[in-house]
Amino acid sequence: MTRRKSAVQANPPKPDRKKRPTAERTEPRRDMASMFGDTKPPPQAAATNGAAEPDPHVASGVGAGYRVIDEYLRQGQEAARAAWLGGFPGLGGERGRGEAELAAMAGQMLRYSTELASFWTAMLNNVSRPSPAGDIPRPPAPGGFDFGGPVPSPKPAPESPAAAAPAHEAAPAVTLALDSKRPLEVTVRLDPHGPLGKLRVHDLRAASEELPRLRGVRAELRSGSLSIALKVGKDQPAGVYSGMIVDDATNLPAGTLSVRVR
Amino acid sequence: MAEGAPARVAIIGGGCAAMAAAFELTRPELDQRFAVTVYQQGFRLGGKGASGRGASGRIEEHGLHVWLGYYENAFRLMRDCYAELARDPARCPIATWRDAFTPANHVAAADRMSDGRWDAWRASFPAHDGLPGDPTDHYQPLSVPDYLARALSLVAELLRTLEREGTDRKTEVTDRRPAPPRAPDAGAPYNALDTLLRYGTLAGLGAVLEALRLLELVLASMPVYRPNVLLRALDVITRAVQRELQQYVRDRDALRRVWSIADLVLATVRGSIRFHLATDPRGFDAIDEYDCREWLRLNGASEESINSPFVRALYDLAFAYEGGDMTRPRIAAGAAIRGSLRAFFTYKGAFFWKMEAGMGDVVFAPLYEVLKKRGVRFEFFHRLRDVEVGGEHASDKHVRALSFDVQAEVRGGGEYPPLIDVRGLPCWPAEPRYDQLVSGERYRAEGRHFESHWETGRVRERRLEVARDFDFVVLGVGVAALPHVAPELIARDARFKAMVEHVTTVPTRAVQLWLRQDMRSLGREHAPLSLSGFVEPFDTWADMTHVGRLESWPEAPPAIAYLCSVMPDPGAPASTDPAACKESVRAAAIEFLEQHIGHLWPGAVTADGGFRWELLLDAHRPAFVARDARAFDSQFWTANVSPSDRYTLALPGSTAFRISPLDRSYDNLTLAGDWTACGLNLGCVESAVMSGMLAAHALAGVPKLSAIIGWDHP
């Protein structure tokens, strides 16, 4: 993913009335990948039997996984034996022992939850970086699982899985050619696995259909550099205008372009 | 205006956000670039955090306020404020911020036991390193490893809680040697899946780990559709395991509580993977369309866990009940989980911090004093009527004028002196200082409620014009008040209109009781705590006995209790009778004391279960003992139904409608309040302070955005 922002102050304040300065940005950075991880693709892992060698975090997780499974099997066998011998309350056995077994199980559950959290953390750190082959799984469509209970109505969930494709080796530089007397904030997001041939940009639309669209936006990829050209009239209402960047030949999405007009 | 003269800033409102903005804009390092005037309805600052001193110097709050240990920005504000104030400890009982805030690690959730009794599920959070608001020159965003370290501490503390419940843990498995890991089998994932499925229900959490291992390997080598297959298997297996384990833990209250936490952790993990939250550029905002419970359920949490006291207490703390209806618990999942992560895993010092006196005393009086020293002007008794906007083009939209009703004139024409002294502490009174007002005695006789939405009296109008009277505006009133104080702005701007329609609020109610007996004699054996998740009409109780030492009773009350909750929404202000609302709180409190308080304070009820009314202390007549429900009239209660008093909700689907203080639709206006898009997006002090800092940044470029802790956060 590539993100480039640029603010253009093209409307100097009049001397008779003070105006706010232009903020460096208007939204928080919530992208953990860009905050916590190295945004460069990791080096290609050495293959073993056709598969990537897991990093130490993953190896640790694998070890923990097997340990947990073995432990659970043993615990289950002991619990079953205890129940068979009448150790659980309600089955006519010794109450103290049954409670102790339950306490042990609860302790185990908590420890395993902790290990799970640890593994999850390692995995997040791992997947926060672009994968060398393949995207991270997206959530299934709402309602696609049977949890044995009511399934809520569909919500605007994150996008469906992107087509698997090699990630681009490096994020292209972005050049903006802006014709505007209005302060703008431009955000470009490129799918690292998306097509990068001849590009076309859909009209940029605001949330309200009543606001005029930003038309004639151009995007061109040349020599590893992405050029965006757009024009904003002085009467364009303030707001956020967004549109798709698509591959001109296939119409497959390559990214999004958002322009905040102030 | 002369070239180089300070920019004149009109700040409307006196709550946390507005005061944070004033504080930032007047920091000495800005060298008086801004001349700030605060316009405040009524006689005191504080907004939803206002408090006042009544008879016997008792503290009368808007509601219960506790500060969480992750309120980095709010604590930093107060630490800077107290440092600059430099009070003399020999003369003032609250001279430093550490005098003002006390760690409170004991919290509880009310839990209905299997035999029908109520019990307090207590948890004592360990003291974490550092103190909230510790200075940092180079703030690093919270990282996932940070969360892990905190999670380990939290889980360990839960285990200790289990021990304290008397559960025997002697049979813990001692052989923890790991089994030799098998070679990763990523080349044959379906064989691995078969192996996974063969373990059946007893390998539940192991199945989770195994599936995650496969998931990770597939990420590196498999087409993307297959991880979804694995996740599907993971969900099916985990669900079966949950059913199995729940059979064991049902009827075991302590274990049931612990299991519910583990179950919720699992659901959060699963959901975070399924919803791609690790890499989604929207962070947790990506799931804000979902209610938190709904999202946990969608990700496999059991109904028992979703409805556990733990989750219920979280909803109670956030007043997360749409329309004040307890049958409609709703909070945006992303905002709730972000807040929970920060609350549980990033707190400093203590999980909760209680104030040593009223919030007005320990927060807003010091802020007022520091701001006065810096030259800030305060125009009390100014009620905003309208915000006029101008500009022929979209690029030129601005606030043209501000219209106020002046509610009262100050004797002599100077600034109103708002504070009084109680035991050496500057405090806000519970009612105006009538002796300072023209016609003050008449106002007292009439019982003027200057802070009420329904109080419309005025002595004159006042209109401020841009360039002549101000340059910039910080609109820091409550979001529910906006349609009433800025009708033109709302009518002309579709985004503002959408915001006030979607970012909704809820009324709250609060009761304070001063008692003749201490909590131990009333049946509470444990340390003072804060408890949520109890029955309506008051689901939350906090033991606030410690504030009595700074009230001015002949002898400090042995116990002080604060109760609060949401209250049913009476609807639009035009159809609301505030007196009737307040009376409804009184009636609800009496019923609550008669019917429910015995569960929490067994010693406060008679043999037949009724409340012992003689326990209540009368601030006007401390020696007088009343023995029936009329004794309640000596206590304090409030119905927060005025628009500016209502609590800001974060309903599912609403956060996208919030407008940021950094929004530049109007080139001389910024917003401040916990209802703005402030990063945290929850109704709390920290959100408000973050918003105020953002408002200051919008006008001054400082503080740096990177210095607003938690603004950049997933």
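**Things to note about the overall build of chain B**
In terms of helices and strands, chain B carries 20 helices and 24 strands. Taking the contacts inside chain B whose residues are at least 6 apart along the sequence as the reference set, 74% of them involve residues at least 24 apart. Entry remark: accessible area of chain B is about 25100 Å², with carbon and sulfur atoms responsible for 52%.

**Examining the overall build of chain A**
In terms of helices and strands, chain A carries three helices and 10 strands. When the helices and strands of chain A are listed from N to C terminus, the series reads β-α-β-β-α-α-β-β-β-β-β-β-β. Burial analysis of chain A (262 residues in total) assigns 46% to the buried set. Sequence-distant contacts, at least 24 apart, represent 67% of the contacts inside chain A between residues at least 6 apart.

**Details of the packing of aromatic side chains**
Each aromatic ring pair is described using two quantities: the centre-to-centre distance and the angle formed by the ring planes. All names here are of chain B. With the rule as written, the count across this model stands at 31 aromatic pairs over all chains. Ring geometry for Trp 67 and Tyr 71: centres 6.3 Å apart, planes at 55°, overall tilted. Comparing Trp 67 with Tyr 71 shows no difference in burial state: the two are buried. A ring pair is formed by Tyr 315 and Tyr 321, whose centres lie 6.5 Å apart and whose planes are at 55°; its orientation type is tilted. There is no split in this pair, since Tyr 315 and Tyr 321 are both buried. Put simply, the rings of Tyr 368, Phe 378, Phe 380, Phe 381, Tyr 416, Trp 428, Tyr 443 and Phe 450 pair up and form one aromatic cluster. Of note, Arg 621 hangs over the ring of Phe 624, and the distance from its end group to the ring centre comes to 3.9 Å.

**Remarks on the domain arrangement of chain B**
Residues and elements named next belong to chain B. According to the domain assignment, chain B consists of domain 1 (7-59 + 359-504 + 657-707), domain 2 (135-315) and domain 3 (508-640). Listed by partner, the interface residues are 12 residues for domain 1 and 18 residues for domain 3. Note on domain 1 versus domain 3: buried area summed over both sides is about 1300 Å², and carbon and sulfur give 55% of it. The interface formed by domain 1 and domain 3 contains zero salt bridges. Summed over the shared surface of domain 1 and domain 3, the number is 10 residue pairs in polar contact (both at pLDDT 80 or more). For the side of domain 1 that touches domain 3, the per-class residue count stands at five nonpolar, four polar and three charged.

**A short note on unusual backbone geometry**
Residues and elements named next belong to chain B. A cis amide bond links Glu 536 to the next residue, Pro 537, at an omega of 15°. With respect to the helices and strands, Pro 537 occurs in the loop between strand E19 (530-532) and strand E20 (540-543). Its identity is not glycine, yet Asp 31 carries a phi of approximately 55°, on the positive side. Judged by relative accessible area, which is 63%, Asp 31 ranks as exposed. The phi dihedral of Asn 681 falls on the positive side, at around 60°, and the residue is not glycine. Checked against the element boundaries, Asn 681 lands in the loop between strand E24 (669-671) and helix H20 (685-700). Classification of Asn 681 by relative accessible area gives buried; the value is 5%.

**Focus on the confidence of the model for chain B**
Residues and elements named next belong to chain B. On average, residues of chain B score 84 in pLDDT, and 81% of them are at 70 or above. Contacts for the low-pLDDT stretch residues 165-228, under 50 throughout, to residues beyond four places or in other chains number 143 contacts. Both scores are given for the predicted complex: the pTM is 0.74, the ipTM 0.79.

**With respect to the pattern of salt bridges**
All names here are of chain B. Considering all chains together, one arrives at 54 salt bridges over all chains under this definition. For the salt bridge of Glu 441 with Arg 444, the shortest nitrogen-to-oxygen distance reads 3.2 Å. Note that Glu 441 and Arg 444 are positioned in helix H14 (residues 440-446) at a spacing of three residues, about one turn of the helix. In this structure, Asp 569 and Arg 646 form a salt bridge, with 2.7 Å as the shortest nitrogen-oxygen distance. Within this pair, whereas Asp 569 is found in the loop between strand E21 (559-566) and helix H18 (578-595), its partner Arg 646 is found in the loop between strand E22 (636-640) and strand E23 (647-648), the two being separated by 77 residues in sequence.

**Notes on the sheet that holds strand E12 (residues 398-406) of chain B**
Residues and elements named next belong to chain B. Taken in spatial order, the three strands of this open sheet run E11-E12-E15, and their pairing is antiparallel. Looking at the sheet topology across the chains shown, the edges are occupied by strand E11 (382-390) and strand E15 (460-465). Going across the sheet, the axis of each strand differs from the next one's by a mean of 20°, ignoring polarity. Pairing analysis gives six bridges linking E12 to E15, with the strands arranged antiparallel. Its bridge partner being in E15, Ala 401 is matched across the sheet by Glu 465.

**Examining the sheet that holds strand E5 (residues 67-68) of chain B**
The strand order E5-E9-E6 (chain B) describes an open sheet built from three strands, whose pairing is antiparallel. One side of each edge strand has no neighbouring strand; the edge strands of this open sheet are E5 and strand E6 (101-104) of chain B.

**Looking at the packing of helix H1 (residues 16-25) of chain B against helix H13 (residues 359-373) of chain B**
All names here are of chain B. It is at 10 Å that the axes of H1 and H13 come closest, and there the two elements cross at 30°. As far as their axial angle goes, H13 and H1 are roughly parallel. Remark: the crossing between H1 and H13 carries left-handed chirality. Counted together, Cys 16, Met 19, Ala 22 and Phe 23 of H1 and Met 359, Phe 364, Leu 367, Val 370 and Leu 371 of H13 form the full contact between these two elements. When grouped by side-chain class, the residues that make up the contact of H1 with H13 number nine nonpolar, no polar and no charged.

**Let's talk about the confidence of the model for chain A**
Residues and elements named next belong to chain A. Mean pLDDT for chain A: 57, with 38% of residues reaching 70 or above. Averaged pLDDT values over the elements of chain A bottom out at 31 in strand E2 (residues 47-48) and peak at 88 in strand E6 (residues 199-201). Here residues 1-10 is modelled with pLDDT under 50, and outside its nearest four sequence neighbours on either side it reaches 37 contacts, counting other chains as well. Counted against residues more than four places away or in other chains, residues 112-169, with its pLDDT under 50, gives 141 contacts.

**Structural notes on the pairing of strand E7 (residues 106-112) of chain B**
Residues and elements named next belong to chain B. Across the seven residues that make up E7, a large majority, five, are buried. Sheet topology note: the E7/strand E8 (residues 118-124) ladder contains seven bridges and is antiparallel. Bridging from a neighbouring strand, His 106 pairs with Ser 124 of E8. Pairing geometry for E7 and E19, over three bridges, is parallel. When the bridges of E19 are listed, Ala 108 appears paired with Leu 531.

**So, the nonpolar core**
All names here are of chain B. Within the largest apolar cluster, 145 residues are counted, with the highest numbers of intra-cluster contacts made by Phe 34, Trp 67, Phe 101 and Val 363. Looking at this core, the element that brings in the most residues is H20, giving 11 residues. If sequence neighbours within four positions are ignored, Val 363 has contacts with Trp 67, Met 78, Phe 101 and Met 355. Among the nonpolar cores identified, the runner-up in size contains 39 residues, and Val 511, Met 519, Ala 589 and Phe 611 belong to it.

Rules of the game
- Residues numbered from 1 in each chain as written.
- Chains lettered and ligands numbered in written order.
- Predicted model: local features only at pLDDT ≥ 70, side-chain atom pairs only at ≥ 80, totals over all residues.
- Heavy atoms only, no water.
- Helix = DSSP H or I, 4+ residues; strand = E, 2+ residues; numbered from the N terminus.
- Contact = heavy atoms within 4.5 Å.
- Areas by Shrake-Rupley, 256 points an atom, 1.4 Å probe, with all protein chains shown as cover.
- Buried < 20%, exposed > 50% of the residue type's maximum accessible area, 1.4 Å probe, protein only.
- Phe/Tyr/Trp six-rings, centres within 6.5 Å; stacked < 30°, edge-to-face > 60°.
- Lys NZ or Arg CZ within 6 Å of the ring centre and 35° of its normal.
- Domains from an automatic or database assignment.
- Buried area = accessible area lost by both parts, 1.4 Å probe.
- Salt bridge = Lys/Arg side-chain N within 4 Å of Asp/Glu carboxyl O.
- Polar contact = N/O pair within 3.5 Å; in protein donor to acceptor, adjacent residues only side chain to side chain.
- Nonpolar A, V, L, I, M, F, W, Y, C, P; charged D, E, K, R; others polar.
- pLDDT = per-residue confidence, 0-100.
- Pairing = 2+ DSSP bridges.
- Axes fitted to C-alpha atoms, helices over the stretch in contact; angles between N-to-C directions.
- Parallel < 35°, antiparallel > 145°, perpendicular 65-115°, else oblique.
- Left-handed = near helix turned anticlockwise from the far one by under 90°.
- Core = buried A, V, L, I, M, F, W, Y, C linked by side-chain atoms within 4.5 Å.

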